[in-house]
Amino acid sequence: MILKKRFVWLFIAVLSFSLAFSGCGSSSDTPVNNTTDAAVTPASGTTEASGQPADITPTEISVFISDPGQQAPTPDNAVYKMIQEKLGVTFQWDFLVGDKDQKIGVMIAGGDYPDLLFVDTYSNPKFMSAGALIPLDDLMKNNAPNLYAHYKPVWNIAKNPEDGKFYIMANYGVLKGTYQAPRWEGSAFWIQKAVLADAGYPAPPKTLDEYFSLIENYMAKNPTIEGQPTIGFETLCEGWRDFCLKHPPEHLMGRPNDGDTTVVNGKCTSFWDTNEAKVYYKKLNEEMQKGIIDPEFFSLTYDQYIAKLSSGAVLGLFDQHWDFGNNAELNLANANKDERTWIPCELTLPGYKPYYQDQPVVNVNTGFAITKSCKDPERVIKLFDTLMTEEWQKILGWGLPGKDYTVGSDGKFTLTTEQSNQNNDTAYRLANRAYTLWYYGPKMEGTYSDGNATSPGLSPEVFYNGLHQYDKDFMAKYNRKTWAEFLTPAPPNPISYPLWQIDKVAGSLADVAWSKYNDVGTKYLPRLILAEPDKFDSMWTEYVDSLHKIDLKPYYDRIDSQLQWREKNWAPNAE
Amino acid sequence: MTMDAIDLERYRTTVLSRKKSFWTTLLKQKQLVFMSVPVLLYIILFFYVPTLGWVMAFQNFQPAKGFLHSAWVGLSNFRVLFADADFYRDFRNSICMSSLNLVFSFSTSIVLALLLNEIKNRFFKRAVQTISYLPHFLSWVIVCSLVVSTLSLDGAVNQLLLGLGIIQKPVVWLGQGNYFWGILTSANVWKEVGWNTIIYLAAIAAIDPALYEAAVMDGASRFQKMRYITLPGIKTTFVILLIMSIGWIMQAGFEPQYLLRNGMNIDFAETLDLYIIKYGFQMSNFSLATAAGILMSTINIAMLLTANYIAKKVGEERLI
């Protein structure tokens, strides 16, 4: 592993050197009218929806990406070359090296910005207060019909709540066609595939009792897994990742992931002191007595938690998939231990309908913004307008047909094994795909008008073909083709959803009140789970009393006012 | 001349000559003065100027408005502090952990220094000394990972105690608040004992060997030499170090508590440093954090002066 990492670093070092040297001479060396792949024909700069001939005089757009660890594309990158030929635009990439705060600070102090900035929730307040960004409202409405059509349905969500103007082209969360990610990345109770396989592939559990009895049965038969003592259920309460411990009651009550508190009848409400929460923690207390739950859960750091999951000995957990999918689960899959990975279960208490999957939310305040230093904002917005057409979206999302993906006789886009590997290969991407532009830029997510997914990651076919045989067989038992199908499809999000995105305003009374409330949970929940069973009830009363001693009014006031603001301003086409 | 005039004249000459001698000395030592200027500037710049930030404690400080435009709120931040049960809890934890640490780190390092001094085999002495001070160079992050894995359910401590039959089932060491102070003190002693010993060894080395020779002539045993020569020989060092440490009594540490605390032991693990971090940096309530910081510094200074005063009263070496 370490050796592998070293190679990667070596590779990056060599690559960056070669880029630095090749970059010096490339601007004059590269002939503008280079012959391109004959198969590439679909896009052309003249097919703008507005019907006007596009301005293709050569121009350069400078872009700053405030993420570390990025690399510039190779000088002869196929897609960027195409953009240069058809649209006359070359990109001058500037990726973050060193300290983000410092880089942004220097930029603001000098008042000298690139044409285009990638802004995120963190840097947005800084750039906004420095007056670095220009509003795109009129620019987009007058010059970029495609782009405007793209953002129109979410205009009120994406605009700045302070002055009501549109500054940032959100990179994710603007959907088109049918959106169905093959994987559910959010919250769920997860159960190891081997547990279900051993039980004869029963329907995935729906209640806490079903879930834990499956785990108990498997654990009785398999006290150890590959020499490691089996852990029936694992949870985590470290730092901000304590949602693993604190959020389950809200889902058991049939609510989607609203975060620390949820919305009942339009009002922000705590679920921490509810009877449902008591049922859940009492169940955990019982399971702890039976030796199902890891008795060390309360002191685990995230790294230790991931190490335990990666051992394959953990049968069940509550977590959001992104929190363990890219490390623990990937480790197991790469070691061909697919039976030790997990599938999502949507458990609820009696009387509640499961609502785990939600629709993706607009990634507010995150995306490209045009700066006041940009000499020709019109040209930039027109570029993104052209890129927002389906022809260009396909080139950005999938690459070039025949080379990066295969078009079947039925018109379906698929990847061969080689193409699939290339798709995940950073070096290949740098030479052949406009991945950076696609990833950070405005994009369609869902399906195109021809029914194809907007990118390989969202294509059920590509996903299914990339699965290991164990997973294909496992899914066959349940007659499913994606992991997301194990959960109820997501209904449309409530207008003000999700509550967790609301800023409590650092240091405000709302923030302090919530922090105190949260501290009580951190202190009591592990104790409740570890308590002697006969002391559970009295300790629960003590816990609820401690919660009620804290005045949450400032917190509720802040959240409720923001929810109301959203209800009023986020309604579709409320403009 | 009258008596008065004579007195006046005498006064003038003494004062003038004294004045003159001050300036001559200054001139004579100008190299030294120049050398001390950077240090003086450093101290003013990094220790005195930042205390201007203390005004935050009396304001509802907001970074966007700065010191000049934030609203003045008088002592209300202090009132919030004194009304907060967590503040008292963290205050107690800081004092207790600090005192435990003081007592144990001083006693262990002196004992180790005395023992090392008695070892005649140079190689063995060096080896012990090196091994014992190496942990000082480990960061707390590493030490705490070691502590956590040693104390885990299948860790070395539980295995040892189970093997010896002292406990029947593994103990969740970090899950019980009342073990926390002990764990922290032990970790601290393990990490720092060798390092703290160095200064005592140096003090012991400075003791005149003639004293030991004379004692041997008088028939003193090894323990008597320790008792009557070595210990009094390092007393001065000990007192100075003690006074300095007492000046840091409120700083019970930050990293080990931060890394070892969890929901189960938080009542014993959270110190004032963590309290300040929580309010100042996680919630951006700089005013409250500054108020807590001022209280900490005030107590530290008071403790330092008291220790110094007591040392002076009992006729010991003192710092100021």
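What you see is a predicted model, and the numbers here were worked out from it, not measured in a lab. (Residues numbered from 1 in each chain as written. Chains lettered and ligands numbered in written order. Predicted model: local features only at pLDDT ≥ 70, side-chain atom pairs only at ≥ 80, totals over all residues. Heavy atoms only, no water.)

Undergrad: Tell me about the overall build of chain B, and name the residues and values.
TA: When helices and strands are tallied, chain B shows 15 helices and two strands. Taking 20 Å as the expected radius of gyration for a compact globule of 320 residues, we find that chain B reaches 27 Å, considerably beyond that expectation. If you line up chain B on its principal axes, its C-alpha atoms span 100 × 75 × 35 Å. As presented, chain B carries roughly 19600 Å² of accessible surface, and 69% of it is formed by carbon and sulfur atoms. Of note, chain B has its 26 positive side-chain charges centred 6 Å away from the centre of its 18 negative side-chain charges. (Helix = DSSP H or I, 4+ residues; strand = E, 2+ residues; numbered from the N terminus. Rg over C-alpha atoms; globule rule 2.2 N^0.38 Å. Areas by Shrake-Rupley, 256 points an atom, 1.4 Å probe, with all protein chains shown as cover. Lys, Arg positive; Asp, Glu negative; His and termini not counted. Charge placed at Lys NZ, Arg CZ, Asp CG, Glu CD.)

Undergrad: I'd like to hear about the packing of helix α5 (residues 85-118) of chain B against helix α6 (residues 122-133) of chain B, residue by residue, with values.
TA: Two quantities define a packed helix pair, namely the angle between the helix axes and the distance between the axes. Residues and elements named next belong to chain B. At a minimum axis distance of 9 Å, the contact between α5 and α6 shows a crossing angle of 155°. Accordingly, the angle class assigned to the pair α5 and α6 is roughly antiparallel. Where α5 crosses over α6, the handedness of that crossing is left-handed. Residues L112, L116 and N117 of α5 form the contact with α6, whose participating residues are K125, V128, Q129 and S132. (Axes fitted to C-alpha atoms, helices over the stretch in contact; angles between N-to-C directions. Parallel < 35°, antiparallel > 145°, perpendicular 65-115°, else oblique. Left-handed = near helix turned anticlockwise from the far one by under 90°. Contact = heavy atoms within 4.5 Å.)

Undergrad: Could you give me a rundown of the sheet that holds strand β1 (residues 59-65) of chain A, with the residues and numbers involved?
TA: All names here are of chain A. Strands sit in the order β2-β1-β3-β14-β4 across an open sheet of five strands; the sheet is mixed. Looking at which strands have only one partner, the edges of the open sheet turn out to be β2 (89-95) and β4 (169-170). Here two bridges tie β4 to strand β14 (residues 367-370), and the two strands are oriented antiparallel to one another. Counterpart to A170 in the pairing with β14 is G367. (Pairing = 2+ DSSP bridges.)

Undergrad: Would you mind going over the interface of chain B and chain A in detail, with residue names and values included?
TA: Interfaces are often described in size by the accessible area the parts lose on coming together. Taken together, the contact pairs 18 residues of chain B with 17 residues of chain A. Carbon and sulfur atoms make up 59% of the surface buried where chain B meets chain A, a total of about 1500 Å² over both sides. On the chain B side of the interface with chain A, the three residues burying the most area are G263, M264 and M283 of chain B, jointly 38% of the side's total. Counting the contacts that link chain B with chain A gives four salt bridges. K516 of chain A serves as the salt-bridge partner of D86 of chain B, at 3.9 Å between the closest nitrogen and oxygen. The interface formed by chain B and chain A includes seven residue pairs in polar contact (both at pLDDT 80 or more). Of all the secondary structure elements, the ones that give two or more residues to the side of chain B that touches chain A are α13 (266-269) and α14 (272-282) of chain B. Counted by class, the side of chain B that touches chain A contains eight nonpolar, six polar and four charged residues. (Buried area = accessible area lost by both parts, 1.4 Å probe. Salt bridge = Lys/Arg side-chain N within 4 Å of Asp/Glu carboxyl O. Polar contact = N/O pair within 3.5 Å; in protein donor to acceptor, adjacent residues only side chain to side chain. Nonpolar A, V, L, I, M, F, W, Y, C, P; charged D, E, K, R; others polar.)

Undergrad: Go over the layout of surface pockets with me, naming the residues and quoting the values.
TA: In this structure, the second largest pocket spans a volume of roughly 1300 Å³. Among the secondary structure elements, those contributing two or more residues to the lining of the second largest pocket are β8 (228-229), α12 (275-289), α13 (302-310) and α22 (509-530) of chain A together with α7 (140-151) and α9 (177-205) of chain B. The leading source of residues in the lining of the second largest pocket is α13 of chain A, at three residues. Taken together, the residues of the lining of the second largest pocket sort by class into 20 nonpolar, 13 polar and eight charged. (1 Å grid on protein atoms, 1.4 Å probe; cavity = no way out; pocket = protein on both sides within 12 Å on 5 of 7 lines; lining within 4 Å. Points joined across faces, edges and corners; volume = space filled by probe spheres on them.)

Undergrad: Residues and numbers for the packing of helix α2 (residues 78-87) of chain A against helix α16 (residues 390-397) of chain A, please.
TA: Residue and element names in this part refer to chain A. Relative to each other, α2 and α16 sit at 155°, their axes nearing to 11 Å. As judged from the angle between their axes, α2 and α16 are roughly antiparallel. Crossing hand, α2 versus α16: left-handed. Contacts between α2 and α16 involve V79, M82, I83, K86 and L87 from the former and W392, I395 and L396 from the latter.

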